[in-house]
Structures are given as structure tokens and as C-alpha cells.
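Fold and contact review
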Amino acid sequence: MNIILLGPPGAGKGTQAKRLEERHGLKQLSTGDMLRAAAASGSEIGQKAKEIMDAGQLMPDALMVKMIAERIAQPDCDKGFILDGFPRTVPQAEALDETLAAKGLKLHAVIEIRVADEVLVERIQTRIAQSETVRSDDTVETLKKRLEVYHAQTAPILPYYERQGRLITVDGMKPVDTVTEEIEAILSEAVG
Ligand code: AMP
């Protein structure tokens, strides 16, 4: 089963992806985590990624598409994967469709976790207050920039998947367990 989780930063994509990973043996593929690992390694690409992430901007499409295409070909994705943080632009979504078609893979569900901006700002403040290791892009200022980028560049992929008849939206402001149950119901339907 191959799934995309969409939604703004702080919507709970990572939390839900981890639950799906445990319950279904799927592999969570978080492009943000991959970029943070690259940044921690200090490689050239990692340094560039850190600058872009800290500014709340997006990495170039071609690079991200290549990163995901290589990753989904790995054996740990054989049982399926959950894309968390990818695609983030319409060109990335289009390239993903091509990549999946070329590999003979199917997309079983595209799930949007919808959360209002005001709630996200509150959540990020809580996350900063509670985290032991604060991400360097976890600041209210960067979040606001990331939300702007989300609405301008990522939200247009919602109608893209809607036109394909694939998009299902869940209310990400409900309790975390309720969101998980709703996602599970969508997946049971999707694999029918
Ligand atoms: P995330 O952990 O998904 O919130 O991603 C953290 C940051 O990594 C984002 O704010 C972007 O700067 C960068 N990033 C992650 N995924 C992508 C992507 N698919 N395309 C471009 N930039 C990305």
C-alpha cells in the first residue's frame, strides 16, 4: 500500500505516518528527515538544505524528485510507503506520477490532514516548549513563512489530486487518535 499524507507543517503527518508504519509495516519516507540527516552530515547538499529549511523555503524540485525516486526503489519499501512531506509542489506531484508509473507502482490513497493556520501556530509553540531537541526551523517566524509557502506552492496539489479523484480530507484538528481511526477507515476502503 502506497500512501501520500498531505497537510501544512505541524498538521500531524509525521505522527500519523509513524502509526501507519507500525500498524501496516509500511515505510515512512519523510523528505524533511532525509534533508535534516543530510544537513547533520555536513555535506555540501546538506549545508544548502539547512539554509533553505531555516528560511522556510523549498528545495529544488528536481533534487527532491530524484531523492524520492531512489528511496522508493529500496527493498524496505517493498511492503509499501507513506510519503510525508513529498510532493510539495505540482511539478513534484507530476514527476511522482511518472516515477510510479515507470516502476509499475500504484498510489492507494492521498490523504490531506487539514488544520487551520491559527491552530498550527499554537501547536508549534507547544512543540518548541516541550521538545528536548528543537528543530532549527521550529520557530514561529519560520512557521509563518512555511505556511505562506504551503498555501502558495503546496496547496495547489490538492486540486491536482482532487481532479484525479484521489483526494480524501480528514479534520486534523480532531484528537490524534480520532485522526488515526479516520485514516485507517480510508485505507480499508482504499484496499477494499
Ligand atoms: P518537513 O520536515 O516536511 O516539515 O520539511 C522541512 C523542510 O525541508 C521544509 O520546510 C523544506 O525546506 C524542506 N523540504 C522537505 N520536503 C521537501 C520537498 N518535498 N520539496 C522541497 N523542500 C522540501
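Residues numbered from 1 in each chain as written. Predicted model: local features only at pLDDT ≥ 70, side-chain atom pairs only at ≥ 80, totals over all residues. Heavy atoms only, no water.

What follows covers the overall build of the protein. Secondary structure summary: the protein contains 9 helices and 5 strands in total. In terms of C-alpha radius of gyration, the protein reaches 16 Å, essentially the compact-globule figure of 16 Å for 192 residues. Taken along its principal axes, the extent of the C-alpha atoms in the protein is 40 × 40 × 30 Å. Per-residue burial over the protein gives 44% buried out of 192 residues. Contacts in the protein between residues far apart in sequence, at least 24 positions, make up 75% of those at least 6 positions apart. Roughly 9700 Å² of accessible area belongs to the protein as shown, and the carbon and sulfur atoms make up 51% of that amount. (Helix = DSSP H or I, 4+ residues; strand = E, 2+ residues; numbered from the N terminus. Rg over C-alpha atoms; globule rule 2.2 N^0.38 Å. Buried < 20%, exposed > 50% of the residue type's maximum accessible area, 1.4 Å probe, protein only. Contact = heavy atoms within 4.5 Å. Areas by Shrake-Rupley, 256 points an atom, 1.4 Å probe, with all protein chains shown as cover.)

Turning our eyes to something else, we now look at the site of the ligand. Not every one of the 16 residues close to the ligand is listed here, only the nearest: Thr31, Gln57, Gly85, Gln92 and Arg146. Within the backbone of Gln57, an N or O atom sits 2.5 Å from an oxygen atom of the ligand. In this structure, a nitrogen atom belonging to the ligand sits 2.9 Å away from a side-chain N or O atom of Gln92. Considering the ligand on its own, with 480 Å² of exposed area, one finds that the protein chains cover 96% of that surface. A per-element tally of the shell around the ligand places helix α2 (residues 31-41) first, with 4 residues. (Near = heavy atom within 4 Å. Polar contact = N/O pair within 3.5 Å; in protein donor to acceptor, adjacent residues only side chain to side chain.)

Turning our eyes to something else, we now look at the packing of aromatic side chains. Within a pair of aromatic rings, the relevant descriptors are the distance that separates the centres and the angle that separates the planes. Using the criterion set out here, one finds 1 aromatic pair in the structure. Residues Tyr160 and Tyr161 carry aromatic rings whose centres are separated by 5.1 Å and whose planes lie at 80° to one another, so their mutual orientation is edge-to-face. When sorted by exposure, Tyr160 lands in the same class as Tyr161, which is buried. (Phe/Tyr/Trp six-rings, centres within 6.5 Å; stacked < 30°, edge-to-face > 60°.)

Strands sit in the order β2-β3-β1-β4-β5 across an open sheet of 5 strands; the sheet is parallel. Only two strands of the sheet have a single partner each, and these edge strands are β2 (27-30) and β5 (167-171). Neighbouring strand axes in the sheet, compared pairwise and without regard to direction, differ in orientation by 25° on average. Relative to strand β3 (residues 81-84), β2 is paired through 4 bridges, and the arrangement is parallel. Looking at β3, one finds that Gln28 is bridged to Ile82. Contacting β1 (3-6), β2, β3 and β4 (109-114), helix α1 (residues 13-24) crosses the sheet at an angle of about 175° to β3. Contacting β1, β4 and β5, helix α9 (residues 176-191) crosses the sheet at an angle of about 160° to β5. (Pairing = 2+ DSSP bridges. Axes fitted to C-alpha atoms, helices over the stretch in contact; angles between N-to-C directions.)

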